[in-house]
Amino acid sequence: MKVLRPLLTATVLSTLAVTAVTPNANAQEALYLDQANKAAIQINAAAQRSQDNINAITEQIDSKLAQYKTLMKEIDGLAVYNGQLNKQIVSQMQEMDDINASIDEVSVIERQITPLMMNMISGLSQFVELDVPFLAQERSDRIADLNAMMDRASVAPSEKFRRVMEAYQVEMDYGRTIEAYSGFQNINGSETNVDFLRIGRTALLYQTRDGSAQGVYNKQTRQFDALDSSYRTQITKGLRMARKELAPDLIMVPVAVTD
């Protein structure tokens, strides 16, 4: 029995030693595994953060690229627009040069046209003075208005010229129209209210309101000659046609013949 005790003791100690070593190894391995697991988790987290950063950077790059493409399209459009504006500016500059040249020409024309208009008014005044004396006051007032207009700086030269041409047109129209109007005529030394009948510039006649007297203007003597009662009906008819009370028809009136 004494021989077996040491062996039993050694066996027990060996068993105890093995038993004691095995838990320590497992704990160490578990510690390593836990550390490795934590390291893997950290690596994975870092990789995820890196991937997130890469994704964010990629999104920014895509956004910037889209903005770049949009800006390039806008730049291309602006280049075309600017090119068109440059063409318009060149055209406008040419138009400005043409306008400036026209203004210079207008200034020259204005200096030349004013004396022309004055001569036209003077000629018109002489014409009216020598013409058949119908609507004498109205035509005289028209010429006086033209002379007064020429002295006003507030009236543009174009308007002055238009008014002068308008007066000439009125005088031209007198030559191809028929007209009846009222006025006064000296008959036997007395101013009498009569009706005048103008037939173009061919004839100017008058007739008293009661039809008792009538006359015709003589271009040679520049006086009115009395007419006998045989012309009463024709002059009355002519007056009614001029007032549009009768349809146009043939009338017989005396016409002065000049050499």
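Reading guide: rules and limits
Residues numbered from 1 in each chain as written. Predicted model: local features only at pLDDT ≥ 70, side-chain atom pairs only at ≥ 80, totals over all residues. Heavy atoms only, no water. Helix = DSSP H or I, 4+ residues; strand = E, 2+ residues; numbered from the N terminus. Contact = heavy atoms within 4.5 Å. Areas by Shrake-Rupley, 256 points an atom, 1.4 Å probe, with all protein chains shown as cover. Salt bridge = Lys/Arg side-chain N within 4 Å of Asp/Glu carboxyl O. Buried < 20%, exposed > 50% of the residue type's maximum accessible area, 1.4 Å probe, protein only. Phe/Tyr/Trp six-rings, centres within 6.5 Å; stacked < 30°, edge-to-face > 60°.

### A few points about the overall build of the protein
Stage number 1. Across its full length, the protein carries 4 helices and 5 strands.
Stage number 2. Listing every helix and strand of the protein by position from the N terminus yields α-α-α-β-β-β-β-β-α.
Stage number 3. Taking all contacts inside the protein whose residues are at least 6 apart in sequence as the whole, residues at least 24 apart take part in 43%.
Stage number 4. Carbon and sulfur atoms form 58% of the exposed surface of the protein, whose accessible area is close to 18500 Å².

### What about the pattern of salt bridges?
Stage number 1. Tallied over the entire structure, the rule returns 15 salt bridges.
Stage number 2. Ionic pairing is found between Asp-34 and Lys-38, a salt bridge with its closest N-O pair at 3.4 Å. With Asp-34 and Lys-38 both in helix α1 (residues 4-130) and 4 residues apart, the pair spans about one turn of that helix.
Stage number 3. The exposure class of Asp-34 is partly exposed, given its relative accessible area of 35%.
Stage number 4. Residue classification places Lys-38 among the partly exposed positions, given a relative accessible area of 49%.
Stage number 5. Residue Lys-237 is joined to Asp-249 by a salt bridge in which the shortest nitrogen-to-oxygen separation is 2.9 Å. Taken together, the residues Lys-237 in helix α4 (residues 232-242) and Asp-249 in the segment after α4 connect sequence positions 12 residues apart.
Stage number 6. Through salt bridges with shared partners, one network takes in Asp-131, Glu-138, Arg-139, Arg-142, Glu-171 and Arg-201.

### Some remarks on the packing of aromatic side chains
Stage number 1. Evaluation of the coordinates by the stated rule reveals 6 aromatic pairs.
Stage number 2. Between Phe-196 and Phe-224, the ring centres sit 6.2 Å apart and the planes meet at 50 degrees, which makes this aromatic pair tilted. Here Phe-196, found in strand β2 (residues 190-199), pairs with Phe-224, found in strand β5 (residues 223-227); they are 28 residues apart in sequence, far enough to count as distant.
Stage number 3. Take Phe-224: its relative accessible area is 21%, and that puts it in the partly exposed class.
Stage number 4. Seen in terms of ring centroids, Tyr-217 and Phe-224 are 5.3 Å apart; in terms of plane orientation they differ by 65 degrees. Their pairing is edge-to-face.
Stage number 5. Residue Tyr-217 is classed as buried on the basis of its relative accessible area, which comes to 7%.

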